[in-house]
Amino acid sequence: MKRMTKAVVPVAGLGTRFLPATKALPKEMLPVVDKPAIQYVVEEAVRAGLDDVLMVTGRNKNALENHFDRATELEATLISKGDTQKLAKVEESTILGEIHYMRQGDPRGLGHAVHRAKRHVGQEPFAVLLGDDLIHENDRLLDRMIEVNAEKHTCVVALMEVDPSQTHMYGIATVEGTGDDDVVVVKDLVEKPDPDEAPSNLAVIGRYVLEPEVFPTIEHTAPGRGGEIQLTDALATMARDPRQRVHGVVFRGRRFDTGDKLSYIKAIIELAFEREDLGDELRIWLKEQLGN
Ligand code: G1P
């Protein structure tokens, strides 16, 4: 069987929650400790074998292209200084895989952004990774989703239990169990329901493995929540169609949401704790702060 190689990463969002930081800087470039959030996402895709990455971008996103490109002047300076450690850090993001870029054009929603990848993807299953969600590198969520797709030949979404008060921030699934503890059949999906209307507290987190049939389905999907073409709505149509179906992988590992300020700060602290060069001192300092 052919190995899955393609990942689509929609990055056209304006990042208004982080203004003014995101006035001139794409939100995906905000550092999580010392690496831009987007690099974690591309590294995750590449670890899962997806080394053909298509970023669907918008205006003011040039910094993303620069980040994954060579920086010859900077490299030359570091070479002349013999600073091989920093050189390795600069080069890290340029040797990850093959990264393609295309513009979304009109910002008409996540479904629309994914649909822009139609030609690039062709007739193969592919993954979609949303930049706001970071998955801990020890948790191989994407590998598991690719495995389930290969077995079931359906679209696969990543699901995670969230606090019932949070359902208005996510696509929420109605599910049925399978023989596998971490795999469910998705019977229906609804985009960002209020807690009293949510069918469950199983939220779609930003990882999808999609079959190419998603493209014609998106084409027939009317604008939904917020007047946008929602990927969730297209997947709901597929989930309700017994000839297509959708599966979910229930993720119980560590996910960091960098999409809002508080969880972004938490993500930085949690990941810095794990770092040899920062963890111990940070812990001591934080304890002191809390003691005051
Ligand atoms: C998007 C999807 C939503 C999903 C979420 C995961 O929403 O529309 O269904 O649950 O990503 O992060 P966004 O956060 O882009 O508004």
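Residues numbered from 1 in each chain as written. Predicted model: local features only at pLDDT ≥ 70, side-chain atom pairs only at ≥ 80, totals over all residues. Heavy atoms only, no water.

Peer 1: What is the right way to read the overall build of the chain from this model?
Peer 2: When you go through the chain residue by residue, the secondary structure sums to 11 helices and 13 strands. By principal-axis analysis of the C-alpha atoms, the chain measures approximately 60 × 50 × 40 Å. For the chain, buried positions account for 47% of its 292 residues. When contacts within the chain are restricted to residue pairs at least 6 apart in sequence, long-range pairs at least 24 apart make up 76% of them. Carbon and sulfur atoms make up 50% of the accessible area of the chain, which totals about 15,300 Å². Distance between charge centroids for the chain: 3 Å, based on 37 positive and 49 negative side chains. (Helix = DSSP H or I, 4+ residues; strand = E, 2+ residues; numbered from the N terminus. Buried < 20%, exposed > 50% of the residue type's maximum accessible area, 1.4 Å probe, protein only. Contact = heavy atoms within 4.5 Å. Areas by Shrake-Rupley, 256 points an atom, 1.4 Å probe, with all protein chains shown as cover. Lys, Arg positive; Asp, Glu negative; His and termini not counted. Charge placed at Lys NZ, Arg CZ, Asp CG, Glu CD.)

Peer 1: Would you explain the pattern of salt bridges in this entry?
Peer 2: Side chains bearing opposite charge may pair, as long as their charged atoms lie close to each other. For the coordinates displayed, the defined rule picks out 25 salt bridges. The shortest N-O distance in the salt bridge between Glu-124 and Lys-6 comes to 3.9 Å. Remark: Lys-6 occurs in strand β1 (residues 6-10) and Glu-124 occurs in the loop between α6 (118-121) and β6 (126-129); sequence separation between them is 118 residues. For the salt bridge of Glu-151 with Lys-152, the shortest nitrogen-to-oxygen distance reads 3.7 Å. In this structure Lys-152 comes out as partly exposed when scored by relative accessible area, which is 25%. Each of Lys-2, Lys-6 and Glu-124 takes part in one network of salt bridges that share partners. (Salt bridge = Lys/Arg side-chain N within 4 Å of Asp/Glu carboxyl O.)

Peer 1: Is there a simple way to explain the site of the ligand in this structure?
Peer 2: Every residue close to the ligand is listed here: Leu-110, Leu-130, Asp-133, Tyr-170, Gly-171, Glu-191, Lys-192, Val-204, Gly-206, Tyr-208, Gln-230 and Thr-232. The contact in question runs from an oxygen atom of the ligand to an N or O atom on the side chain of Asp-133, over 3.0 Å. Contacts to the ligand include Val-204, whose backbone N or O atom sits 2.6 Å from an oxygen atom. In the complex, 79% of the free accessible area of the ligand, which totals 380 Å², lies under the protein chains. Examining the composition of the shell around the ligand, we find that 3 residues originate from one element, strand β11 (residues 202-210), more than from any other. Here the residues of the shell around the ligand are counted per class, giving 5 nonpolar, 4 polar and 3 charged. (Near = heavy atom within 4 Å. Polar contact = N/O pair within 3.5 Å; in protein donor to acceptor, adjacent residues only side chain to side chain. Nonpolar A, V, L, I, M, F, W, Y, C, P; charged D, E, K, R; others polar.)

Peer 1: I tried to follow the UniProt feature "domain: Nucleotidyl transferase" (unreviewed entry) in the chain on my own but got confused; where do I start?
Peer 2: Per the UniProt entry, the sites bearing "domain: Nucleotidyl transferase" (unreviewed entry) are residues 6-268 in this numbering. Counted over residues 6-268, helix gives 31% and strand 26%. Its end C-alpha atoms are 28 Å apart. (UniProt positions renumbered as here; feature names shortened; annotations may be inferred.)

Peer 1: Could you clarify how one ought to interpret the nonpolar core in this entry?
Peer 2: Soluble globular proteins tend to pack their nonpolar side chains together in the buried interior. Counting 43 residues, the largest nonpolar core has Ile-38, Leu-50 and Met-55 as the members making the most contacts within it. Ranked by the residues each element gives to this core, the list is headed by helix α1 (residues 37-47), at 6 residues. Those residues in contact with Leu-50 that lie beyond four places of it in its chain are Met-4, Thr-5, Lys-6, Ala-7, Ala-45, Ala-127, Leu-142 and Ile-146. The next biggest cluster of nonpolar side chains, apart from the first, holds 33 residues, and it includes Val-204, Phe-215, Ala-239 and Val-246. (Core = buried A, V, L, I, M, F, W, Y, C linked by side-chain atoms within 4.5 Å.)

Peer 1: I would appreciate a short explanation of unusual backbone geometry in the present structure.
Peer 2: Among all residues save glycine, negative phi is the norm, and among peptide bonds the norm is trans. Looking along the chain, the bond that leaves Leu-19 and enters Pro-20 is cis, with omega of 5 degrees. Inspection of the secondary structure puts Pro-20 in the loop between β1 and β2 (31-32). Positive phi is not limited to glycine here, since Asn-60 has a value of about 60 degrees. By secondary structure assignment, the location of Asn-60 is in the loop between β4 (52-57) and α2 (62-67).

Peer 1: What am I meant to see in the packing of aromatic side chains here?
Peer 2: Given two aromatic rings, one states the distance between the centres and the angle between the planes to describe the pair. One pass over the structure, following the stated rule, counts 2 aromatic pairs. Aromatic side chains Phe-126 and Phe-215 sit 5.3 Å apart centroid to centroid with 5 degrees between the ring planes, which places their arrangement in the stacked category. Taken together, the positions of Phe-126 in strand β6 and Phe-215 in helix α8 (residues 214-219) put the pair 89 residues apart, joining distant regions of the chain. Under the relative-accessibility criterion, Phe-215 is labelled buried at 2%. Geometry around Tyr-40 places Lys-35 over its ring, the cationic atom sitting 4.5 Å from the centre. (Phe/Tyr/Trp six-rings, centres within 6.5 Å; stacked < 30°, edge-to-face > 60°. Lys NZ or Arg CZ within 6 Å of the ring centre and 35° of its normal.)

Peer 1: I tried to follow helix α9 (residues 231-240) on my own but got confused; where do I start?
Peer 2: Since the α-helix packs 3.6 residues into each turn, any two residues three or four apart lie on the same face. Summarising burial for α9: 7 of the 10 residues are buried, a large majority. Listing the buried residues of α9 in full gives Leu-231, Thr-232, Ala-234, Leu-235, Ala-236, Met-238 and Ala-239.

Peer 1: Can you walk me through the pairing of β1 in this structure?
Peer 2: On any regular strand, side chains alternate: one points to one face of the sheet, the next to the other face. Most of β1 sits inside the fold, with 5 of its 5 residues counted as buried. The side-chain alternation of β1 yields two buried faces, one formed by Lys-6, Val-8 and Pro-10 and the other by Ala-7 and Val-9. Sheet topology note: the β1/β4 ladder contains 5 bridges and is parallel. Following the sheet pairing, Ala-7 is matched in β4 by Val-53. With 2 bridges connecting them, β1 and β6 associate as parallel partners. (Pairing = 2+ DSSP bridges.)

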